[in-house]
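Structure at a glance
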Amino acid sequence: MFVTVETAARTAPAAVIVAIDGPSGTGKSSTSKAVAAKLGLRYLDTGAQYRAITWWMLSNGVDVNDPAAVATAAAKPTIVSGTDPGSPAITVDGADAAGPIRTREVTAAVSAVSAVPEVRARLTELQRQIARAGRGIVVEGRDIGTTVLPDADLKIFLTASPEARAARRSGELKGKEATGLAATREALIKRDAADSGRKVSPLAKADDAHEVDTTELTLEQVVECVVTLVETTADRAGQSA
Ligand SMILES: Nc1ncnc2c1ncn2[C@@H]1O[C@H](COP(=O)(O)OP(=O)(O)O)[C@@H](O)[C@H]1O
Ligand SMILES: Nc1ccn([C@H]2C[C@H](O)[C@@H](COP(=O)(O)OP(=O)(O)O)O2)c(=O)n1
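The model shown is predicted, which means the values in this text are computed figures rather than measured ones.

Things to note about the packing of helix H2 (residues 46-59) against helix H5 (residues 117-132)
Direction vectors running N to C along H2 and H5 enclose 140 degrees, while the axes themselves pass 11 Å from each other. Taken together, the axes of H2 and H5 are oblique relative to one another. With respect to the hand of their crossing, H2 and H5 are arranged in right-handed fashion. Mapping the contact onto sequence places Thr46, Gln49, Tyr50 and Ile53 in H2 and Val119, Arg120, Arg122, Leu123, Thr124, Leu126, Gln127 and Ile130 in H5.

Here it is, written out as structure tokens:
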């Protein structure tokens, strides 16, 4: 098989920690998985963990709009995240949650659940344990560069126009839970506002993060940009693979 330089494995320091944050639809998951795969790093989707705890709350009759009820239940589910960028996995109490966490019901409830401090404290601790448990990792979310891993070697903050993000998301939903472009855009903006406006570790760009506007870039261009930033950071630190 013909393998181009672009798809061949690249090198990164074994222990590099990369934080990728940004709002929904900016390309965090696709970029993080591709960068981790190219550089032989682990991958952690923290949004999937917030979705998983939300799914558990909904499945167990917890009122997701009652912060006290969510706080009381926050420690109950056991969430296990896989870190293989080729097959990201997540289980809740041993059950595969990869499908159920992507429903519209979970998406509509996740911002309320993730604003509860007890939920954030628990998942932040879990995320730090995973990040420090092995070799290098790409961790994506909303508060990775600011709160979860403020000492990350490289921080990226992805942005894109609401129009581009809505078009990407409604493209994904086609045939499944198809929603109009305008409704998708509204839902994204509402979630951005909730995630950016919450009191505890809101969605925010870290002061030392590199901002990448992906509106006019292909996914491949974004991946190349981030891979180059990882390699540049490593060179500067004098580290080697
Ligand atoms: N730069 C890009 N250009 C076009 N589509 C993209 C780009 N980056 C990601 N996508 C697509 O947009 C959708 C949302 O991307 P995703 O990585 O899930 O974003 P996020 O994790 O930030 O919500 C996916 O279908 C993905 O393939
Ligand atoms: N580090 C994180 C990651 C996600 N969250 C919350 C806020 C987000 O709206 C939800 C879902 O995140 P996810 O990354 O799955 O969302 P999208 O893929 O962008 O739709 O979780 C968070 O509060 N902190």
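Okay, back to it.
Some details on the nonpolar core
Ranked by internal contacts, the top residues of the largest apolar core, which has 35 residues, are Met57, Ile79, Val119 and Leu149. Here Met57 is in contact with Val62, Val64, Val70, Ala73 and Ala74, once residues within four sequence places are set aside. Counting 19 residues, the second largest nonpolar core, distinct from the first, contains Val18, Val223, Val226 and Leu229.

Notes on the site of ligand 2
In the vicinity of ligand 2 lie 19 residues, with Arg51, Arg120, Asp143, Arg191 and Asp195 positioned nearest. Calculation on ligand 2 without its partners gives an accessible area of 520 Å², and the protein chains cover 98% of this total. Put simply, the parts of the chain that give the shell around ligand 2 at least two residues each are H2, helix H4 (104-114) and helix H8 (181-197). The element best represented in the shell around ligand 2 is H2, accounting for 4 residues. By residue class, the composition of the shell around ligand 2 is 3 nonpolar, 6 polar and 10 charged.

The rules we used
Residues numbered from 1 in each chain as written. Chains lettered and ligands numbered in written order. Predicted model: local features only at pLDDT ≥ 70, side-chain atom pairs only at ≥ 80, totals over all residues. Heavy atoms only, no water. Axes fitted to C-alpha atoms, helices over the stretch in contact; angles between N-to-C directions. Helix = DSSP H or I, 4+ residues; strand = E, 2+ residues; numbered from the N terminus. Parallel < 35°, antiparallel > 145°, perpendicular 65-115°, else oblique. Left-handed = near helix turned anticlockwise from the far one by under 90°. Contact = heavy atoms within 4.5 Å. Core = buried A, V, L, I, M, F, W, Y, C linked by side-chain atoms within 4.5 Å. Buried < 20%, exposed > 50% of the residue type's maximum accessible area, 1.4 Å probe, protein only. Near = heavy atom within 4 Å. Areas by Shrake-Rupley, 256 points an atom, 1.4 Å probe, with all protein chains shown as cover. Nonpolar A, V, L, I, M, F, W, Y, C, P; charged D, E, K, R; others polar.

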